[in-house]
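Single-letter residue listing:
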Amino acid sequence: MPGGRRVDSRPRSMARAGHTIGPWALRRGGVRRGLATIEAALVLPIFIMLAFGTVEYATYFNVRNKLENAARHGARAASANNATNATVISAIEGSLGSAGIVPSAYAVSLNPPNMTGLPSGMPISVTITATWDKVGVKVLPTALGGIGSSKQVRGEAVMTRD
C-alpha cells in the first residue's frame, strides 16, 4: 500500500477472500440484484402453490366438519322416539343451510331407511355425502396437488334410539 492508500478498490473482506468481482458489480449491486431476481423467480411459484394448497385443503376440512356436524344434528333428531324421516332431513337441511350448503349439493343416507317404529336402543346411522366440485373451492389444479373434482366429502354420525 504505497502512501497509506489501497490500490485495490474492492472491500478488504473480498480482496482477502480472493473474489474476482469487478468494482462495477459492487457499485450498483448488479450481480447480487440479478441473483435476487432469479431466486425470487424460483421460490415465488412454490410459495404461491403452498398458499393456494393451504386454502384448498383448509376448505376441504371445513366442509367435512360441516357435513359431520349436520350428520350429528340429523342423528340427534333421529334418536327421538317420535322421529320421522322428514324431521331428520329437516334437521340436516337446517344445519347445512346455515353453513351455506344447498340441498342439491349433497345426498343423505339413513340406516335404517325408515325412522318410524324403531325400538329403543337401536343404532341409527346418518351419512351425508357430497362431491368436491359442488361444495368446495377449486384453487389449485389437481396436477399440482389440488383436490380432484370427483373427491367425495363425507360426514357420518351414529346414535342410538331413545
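Above this text is the structure in question.
To keep things clear, this report deals only with the structure shown in the data block. For clarity, every value in this text was computed on a predicted model and none was experimentally measured. Each chain has its residues counted from 1, following the order in which its sequence is written. The predicted nature of this model means local features are confined to residues of pLDDT at least 70 and side-chain atom pairs, given and counted, to a pLDDT of 80 or more, with totals for whole chains, interfaces and linings taken over all residues. Hydrogens and water molecules were not included; the side-chain quantities draw on all heavy atoms of the structure.

Scanning the protein chain for helices and strands turns up five helices and three strands. Helix and strand definitions follow DSSP, with helices as H or I runs of at least four residues and strands as E runs of at least two, each counted in order from the N terminus. Secondary structure elements in the protein chain, listed N-terminal to C-terminal, are α-α-α-α-β-β-α-β. Burial classes: relative accessible area under 20% of the type maximum marks a residue as buried, over 50% as exposed, and values in between as partly exposed (1.4 Å probe, protein chains only). When the 162 residues of the protein chain are sorted by exposure, 27% land in the buried category. Within the protein chain, contacts between residues separated by at least 24 positions form 63% of all contacts whose residues are at least 6 apart in sequence. For the protein chain, the accessible surface area stands at approximately 10100 Å², while carbon and sulfur atoms represent 59% of it. Throughout, a contact is declared for two residues whenever any of their heavy atoms are within 4.5 Å. Accessibility throughout is a Shrake-Rupley quantity obtained with a 1.4 Å probe, and a residue counts as covered only by protein chains that appear here.

In the sections that follow, a salt bridge refers to a side-chain nitrogen of Lys or Arg positioned within 4 Å of a carboxyl oxygen of Asp or Glu. This model, assessed by the stated rule, comprises three salt bridges. One salt bridge connects Glu56 with Lys138, and the closest N-O pair in it is separated by 3.8 Å. Placement of Glu56 in helix 3 (residues 30-78) and of Lys138 in the loop between helix 5 (132-135) and strand 3 (152-160) is noted, with a sequence separation of 82 residues between them. The class for Lys138 is partly exposed, based on a relative accessible area of 40%. Across the pair Arg154 and Glu156 runs a salt bridge, and its minimum N-O distance is 2.7 Å.

Right, let's talk about the packing of aromatic side chains for a bit. Pairs of aromatic rings are described using the distance from one ring centre to the other and the angle between the two planes. Aromatic pairing here means that ring centres of Phe, Tyr or Trp (its six-membered ring) are within 6.5 Å. Orientation follows from the plane angle: under 30 degrees is stacked, over 60 is edge-to-face, and everything else is tilted. Taken as a whole and judged by the stated rule, the model has two aromatic pairs. Residues Tyr60 and Phe61 carry aromatic rings whose centres are separated by 5.2 Å and whose planes lie at 75° to one another, so their mutual orientation is edge-to-face. The exposure class of Phe61 is partly exposed, given its relative accessible area of 41%. Ring pairs connect the aromatic residues Tyr60, Phe61 and Trp132, which therefore count as one cluster.

Our focus in this paragraph is the nonpolar core. Within the largest apolar cluster, 25 residues are counted, with the highest numbers of intra-cluster contacts made by Ile92, Leu96 and Ile128. Of all the secondary structure elements, the ones that give two or more residues to this core are helix 3, helix 4 (85-98), strand 1 (106-111), strand 2 (123-131), helix 5 and strand 3. Excluding residues within four positions of it along the chain, Leu96 makes contact with Lys66, Leu67, Ala70, Ile101, Tyr106 and Ile128. Here, nonpolar core means buried Ala, Val, Leu, Ile, Met, Phe, Trp, Tyr and Cys residues that are tied together by side-chain atoms lying within 4.5 Å of each other.

Spatially, the three strands line up as an open sheet ordered 1-2-3, and their pairing is antiparallel. Taken across any chain shown, the strands that pair with only one partner, and hence form the sheet edges, are strand 1 and strand 3. Strand after strand, the sheet turns through a mean of 15° between neighbouring axes, direction not considered. Taken together, the nine bridges between strand 2 and strand 3 define a ladder with antiparallel strand orientation. Bridging from a neighbouring strand, Ile124 pairs with Met159 of strand 3. What counts as an axis is a line fitted to C-alpha atoms, over the stretch in contact for a helix, and the angles between N-to-C directions run from 0 to 180 degrees. Against the sheet, helix 4 engages strand 1 and strand 2, with an angle of about 145° to strand 1. Pairs of strands are assigned from DSSP output, requiring at least two bridges between the strands.

Time to look at helix 4. For a helix, the expected span equals 1.5 Å multiplied by the residue count minus one. With 14 residues, helix 4 ought to run about 20 Å at 1.5 Å a step, and its terminal C-alpha atoms sit 20 Å apart, in line with that. Within the sequence span of helix 4, burial applies to Val88, Ile92, Ser95 and Leu96. With its buried residues spanning 90° around the axis, helix 4 presents them on a single face. Projecting away from the buried face of helix 4 at angles above 90 degrees are the exposed residues Ala86 and Ser98. A positive phi of about 85° marks Gly100, the residue just after helix 4. The arc refers to the directions leading from the helix axis to the C-beta atoms.

By the bridge criterion, six bridges tie strand 1 to strand 2 in an arrangement that is antiparallel. The residue bridging Tyr106 from the neighbouring strand is Ala130, located in strand 2.

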